[in-house]
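So the chains spell out like this:
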Amino acid sequence: AQKVTQAQTEISVVEKEDVTLDCVYETRDTTYYLFWYKQPPSGELVFLIRRNSFDEQNEISGRYSWNFQKSTSSFNFTITASQVVDSAVYFCALSDFYGGSQGNLIFGKGTKLSVKP
Amino acid sequence: NAGVTQTPKFQVLKTGQSMTLQCAQDMNHEYMSWYRQDPGMGLRLIHYSVGAGITDQGEVPNGYNVSRSTTEDFPLRLLSAAPSQTSVYFCASSPILGTANTGELFFGEGSRLTVL
């Protein structure tokens with residue numbers, strides 16, 4: 001079945017620490033997309049990244065980096081030198097095309113990150 | 001740009017009452033969807049639409065109806081509210097690449113619904 005697992009429910013770090021948020025997925029699709037979204041305390045959902053299943057190159061955007069490994073079905077997200085503004089709930093998501101589905105996103109349960117000053 | 005607009009932002013209902021959550025987008029997106037967010041459950045898909053006149057069920061459709069008469073609007077109806085429908089509801093839209101949803105969802109600000 002299509003599934004996204006974010007095993008870390010909550011993480012607390014001190015500012016400037018590096019932190020990695022884990023995401024493991026299960027899919028029967030051969031082509032799929034993986035995503036990360038951020039939900040700050042204000043409640044809106046902010047798109048961070050989309051990764052195609054054929055592109056396993058790691059990506060870096062400022063202090064954010066993503067490690068996609070098909071061999072372990074993982075798409076982990078690392079924040080380097082964390083800041084208080086990084087405090088949020090982070091969701092990993094997988095597109096679902098299986099059985100003619102329209103690519104709806106399946107979300108993990110989220111990881112709440114708290115960055116203390 | 002308005003993006004995805006949801007109304008109301010907050011609503012309190014009594015069990016058995018009906019209501020409609022409104023969602024409108026001005027980006028000419030073909031794909032629209034409704035999710036609910038509950039503590040510890042992430043976001044779960046209720047209903048979605050890939051174009052005007054086309055709707056389908058998601059993971060948790062029971063107790064909800066939708067319609068898509070225009071590209072812009074995708075209202076979610078609760079016919080007889082139950083306490084289990086207390087949640088935060090998000091509407092989202094996305095362009096469609098070919099026949100596939102590109103997945104970069106644009107979310108509304110959410111609607112917090114409490115059913116007593």
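Up top you'll find the structure we're talking about.
Just so you know, these numbers come straight off a predicted model, no measurement behind them. Throughout, residues of each chain are indexed from 1 in the direction in which the sequence is written. Lettering of chains starts at A and numbering of ligands starts at 1, both following the order in which they are written. Note on the predicted model: pLDDT of at least 70 is required for a residue's local features to be given, and 80 or more for side-chain atom pairs to be given and counted; whole-chain, interface and lining totals, by contrast, use all residues. In computing side-chain values, all of the structure's heavy atoms are included and hydrogens and water are not.

Undergrad: Help me out: how do you make sense of the interface of chain B and chain A in this one?
TA: A common way to report how large an interface is uses the accessible area buried once the components associate. Should any heavy atoms of two residues lie within 4.5 Å, those residues are counted as being in contact. Contacts between the two partners involve 19 residues from chain B, matched on the other side by 16 residues from chain A. By convention, the term buried area covers the 1.4 Å-probe accessible surface removed from two parts as they join, with the contributions of both added. Buried surface at the junction of chain B and chain A, summed over both partners, amounts to about 1,600 Å²; 57% is from carbon and sulfur atoms. We define a salt bridge as a side-chain nitrogen of Lys or Arg found within 4 Å of a carboxyl oxygen belonging to Asp or Glu. At the junction of chain B with chain A, the criterion picks out one salt bridge. Put simply, Arg50 of chain A and Glu104 of chain B hold a salt bridge, and the shortest N to O gap is 4.0 Å. Between N or O atoms, a polar contact is any pair within 3.5 Å; within protein, one atom must be a potential hydrogen donor and the other a potential acceptor, and residues adjacent in sequence are included only when both atoms are from side chains. Along the contact surface separating chain B from chain A lie four residue pairs in polar contact (both at pLDDT 80 or more).

Undergrad: Would you mind going over the packing of aromatic side chains with me for this structure?
TA: For any pair of aromatic rings, the description consists of the separation of the ring centres together with the inter-plane angle of the planes. Pairing of aromatic side chains here covers Phe, Tyr and the six-membered ring of Trp, requires ring centres within 6.5 Å, and sorts the geometry by plane angle: under 30 degrees stacked, over 60 edge-to-face, intermediate tilted. Here the structure, examined in full by the defined rule, presents 20 aromatic pairs over all chains. Note on Tyr31 of chain B and Tyr48 of chain B: the rings are 6.1 Å apart at their centroids and 25° apart in plane angle, and the pair reads as stacked. With a gap of 17 residues between them, Tyr31 of chain B in strand β4 (residues 31–38) and Tyr48 of chain B in strand β5 (residues 42–51) connect regions that are remote in the sequence. A relative accessible area of 0% places Tyr31 of chain B in the buried class. Note on Tyr48 of chain B: relative accessible area 7%, which makes it buried. Grouped by ring-pair contacts, the aromatic residues Tyr33, Phe35, Tyr37, Phe47, Phe91 and Phe107 of chain A together with Tyr35, Phe90 and Phe107 of chain B constitute a single cluster. Remark: a charge is flagged as sitting over a ring if the NZ atom of Lys or the CZ atom of Arg is within 6 Å of the ring centre and within 35 degrees of the ring normal. Sitting over the face of the ring of Phe74 of chain B, Arg68 of chain B holds its NZ or CZ atom 6.0 Å from the ring centroid. Numbered from the N terminus, helices here are DSSP runs of H or I no shorter than four residues, and strands are runs of E no shorter than two. Exposed residues in this analysis have more than 50% of their type's maximum accessible area, buried residues have under 20%, and partly exposed residues fall in between, with area computed by a 1.4 Å probe over protein chains only.

Undergrad: Explain unusual backbone geometry to me, please; I cannot follow it from the model alone.
TA: Most peptide bonds take the trans configuration, and most residues that are not glycine carry a negative phi. Here the residue pair Thr7 of chain B and Pro8 of chain B is connected by a cis peptide bond, since its omega of -10° sits within 30 degrees of zero. Examined against the element boundaries, Pro8 of chain B turns out to sit in the loop between β1 (4–7) and β2 (10–13). Of note, Lys16 of chain A is a non-glycine position whose phi angle comes to about 85°, a positive value. Relative to the helices and strands, Lys16 of chain A is located in the loop between β2 (10–14) and β3 (19–21). Given the relative accessible area of 70%, Lys16 of chain A is considered exposed. In this structure, Ser73 of chain A takes a positive phi of about 50° despite not being glycine. In this fold, Ser73 of chain A is placed in the loop between β8 (64–69) and β9 (74–79). We classify Ser73 of chain A as partly exposed; its relative accessible area is 23%.

Undergrad: Would you explain the environment of Val85 of chain A in this entry?
TA: Its location among the elements puts Val85 of chain A in the loop between β9 and β10 (88–96). Placed 70 residues apart in sequence, Val85 of chain A and Glu15 of chain A show a C-alpha to C-alpha distance of 9.7 Å.

Undergrad: Which parts of the structure should I look at to understand the sheet that holds strand β8 (residues 76–78) of chain B?
TA: Strand pairing in a sheet is mediated by backbone hydrogen bonds. Such pairs are either parallel or antiparallel. Residues and elements named next belong to chain B. Pairing is antiparallel across the open sheet formed by four strands, whose spatial order is β1-β3-β8-β7. The open sheet is flanked by β1 and β7 (64–66), the only strands paired with a single partner. On average, each strand axis in the sheet is tilted by 20° relative to the strand beside it, whichever way the strands run. Note: β1 against strand β3 (residues 19–25), four bridges, orientation antiparallel. In this scheme, strands are said to pair when DSSP sees at least two bridges between them. Fitted lines through C-alpha atoms serve as axes, helices being fitted only where they are in contact, and the angles separating the N-to-C directions of these axes extend from 0 to 180 degrees.

Undergrad: What exactly am I supposed to notice about the pairing of strand β9 (residues 87–94) of chain B here?
TA: Consecutive side chains of a regular strand alternate in pointing toward one face of the sheet and then the other. Residue and element names in this part refer to chain B. Counting buried residues in β9 gives eight out of eight residues, a clear majority hidden from the surface. With burial as the criterion, each face of β9 is covered, one bearing Ser87, Tyr89, Cys91 and Ser93 and the other bearing Val88, Phe90, Ala92 and Ser94. Pairing analysis gives seven bridges linking β4 to β9, with the strands arranged antiparallel. Bridged to Ser33 within β9 is Ala92. With three bridges connecting them, β9 and strand β13 (residues 111–115) associate as antiparallel partners. If you follow Val88 over to β13, its bridge partner there is Arg112.

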